[in-house]
Amino acid sequence: MDEDDAVGGYDLSIGYERDAVLLEDINMSLKPGEIVAVNGASGIGKTTLLRTFAGLLNPLEGKVSIFGKTKADRGEVGYIPQRLGLIRHASVHHNVMMGAKAGHTSAWFPFSKVCKHHTLEAIDSVGLMHKLRTPIRKLSGGQQRRVAVARTLAQKPRLILADEFLSELDEETLSMVMQKVLDYVKENNAIMILVEHDFERAMQMADRLFTAVDGKLVEIGANGA
Ligand SMILES: Nc1ncnc2c1ncn2[C@@H]1O[C@H](COP(=O)(O)OP(=O)(O)O)[C@@H](O)[C@H]1O
Ligand SMILES: [Mg+2]
C-alpha cells in the first residue's frame, strides 16, 4: 500500500497530558475505501482519538500519518464532532457552505458554481432543502446533526472522522444519512473512522471493528470474517 493513500496511527499514544495517557500503543492503518468503527466505554478516549487524527491534538507518543503527512492539508479531513460546532444563528445554507469552502483559499471560491453545487448537493442529500434559510437554532437535534453531515460531505474530504454521527436520528432518517455517507466513502474511495456505540450499526457500516478497553485499542475482527 502506498503511504500517500493511507491513513494510520503507529505506536500511537493519545491523551491530553503526558502523565494521563488514555490509549496507548495504537497501531491501525486504513487504505482507500476502508471504514473502521471504534466503540468503548464513555470517557475512555474515543473522541480524543478522532481529535488526534484530525490534527487538533498532538500524539503523546508515536505518529499519525494522514496521506503521507503528519498533519492533513487544509480541507482534506472532514470531522463530524460529537458536539457539532455549527454556527447557531446562521442558516443551514451558510453552515454547509462553510464546509464547501474548506480547502479553498481563494476569496472568490464561495461565489463559484462549484461551491454552490457542492453546498446544495450536500443539503439535498440529507433531505434539508426545505430548511435552506432556517437558522440552526430553530432545528431539532437530529436536523442539526444532518447539517453537520452535509457540511462534511460538501467539503469533499478524503478522510471522514465521525463521532457518534447517527445519534438523535429517527430510524428512517438514520438509514438515509448512513447510506449517503457510505455511498460517499465508496464512490470517492475515501477513508472513514467512526465512533459508534451501537454494535449493529457499526457492523453495517464498517469493514473492521476496534474496541477501546483498558487503555488499548483492540481489533475485534474483520467484518464478515
Ligand atoms: N480538553 C480536555 N482536556 C483534558 N481532558 C479532557 C479534555 N477533553 C476530554 N478530556 C478527558 O479525556 C478523557 C477521554 O475523553 P473522550 O475522548 O471525550 O472520551 P469518549 O469519547 O471515549 O467518551 C475523559 O476523562 C475526559 O474527561
Ligand atoms: Mg466521545
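Residues numbered from 1 in each chain as written. Chains lettered and ligands numbered in written order. Predicted model: local features only at pLDDT ≥ 70, side-chain atom pairs only at ≥ 80, totals over all residues.

A. Region of the structure containing the overall build of the protein. Along the backbone of the protein there are six helices and nine strands. In terms of C-alpha radius of gyration, the protein reaches 17 Å, essentially the compact-globule figure of 17 Å for 225 residues. The principal-axis extent of the C-alpha atoms belonging to the protein is close to 45 × 40 × 35 Å. Within the protein, buried positions represent 37% of all 225 residues. (Helix = DSSP H or I, 4+ residues; strand = E, 2+ residues; numbered from the N terminus. Rg over C-alpha atoms; globule rule 2.2 N^0.38 Å. Buried ≥ 20, exposed ≤ 12 C-beta atoms within 10 Å, placed from the backbone.)

B. Structural detail: the domain arrangement of the protein. Along its sequence, the protein is organised into domain 1 (1–76 + 158–225) and domain 2 (87–156). For domain 1 and domain 2, the distance between their C-alpha centres works out to 23 Å. Contact with domain 1, which involves 15 residues of that partner, is made by 14 residues of domain 2. Per-element accounting of the side of domain 1 that touches domain 2 gives the leading share, six residues, to helix α5 (residues 171–188). For the side of domain 1 that touches domain 2, a count of residues per class yields seven nonpolar, three polar and five charged. (Domains from an automatic or database assignment. Contact = placed C-beta atoms within 7 Å. Nonpolar A, V, L, I, M, F, W, Y, C, P; charged D, E, K, R; others polar.)

C. Examining the nonpolar core more closely. Core analysis: the largest hydrophobic core is formed by 61 residues, its most contacted members being V96, V149, A150, L159, L161, M192 and L194. Top contributing element to this core by residue count: helix α4 (residues 141–155), with six residues. In this structure, this core is formed jointly by two domains, domain 1 (1–76 + 158–225) and domain 2 (87–156), each of which donates at least three residues. If we skip the residues at most four places from it in the chain, L161 touches L50, F53, A54, V77, Y79, I80 and I193. (Core = buried A, V, L, I, M, F, W, Y, C linked by C-beta atoms within 7 Å.)

D. Seen up close, the site of ligand 1. All residues in the neighbourhood of ligand 1 are listed as Y16, L22, G40, S42, G43, I44, G45, K46, T47 and T48. The dominant element in the shell around ligand 1, judged by the number of residues it contributes, is helix α1 (residues 46–53), at three residues. Considering only residue class, the shell around ligand 1 consists of three nonpolar, six polar and one charged. (Near = placed C-beta within 6 Å.)

E. A look at the sheet that holds strand β2 (residues 20–30). Strand order in the open sheet formed by three strands is β2-β1-β4, and the pairing between neighbours is antiparallel. Two strands in the sheet have a free side with no partner beyond their single neighbour: β2 and β4 (61–66). Taken over all neighbouring pairs, the strand axes of this sheet differ in orientation by 35 degrees on average, direction set aside. Here α1 sits on the sheet in contact with β1 (7–17), β2 and β4, set at roughly 120 degrees to β1. (Pairing = 2+ DSSP bridges. Axes fitted to C-alpha atoms, helices over the stretch in contact; angles between N-to-C directions.)

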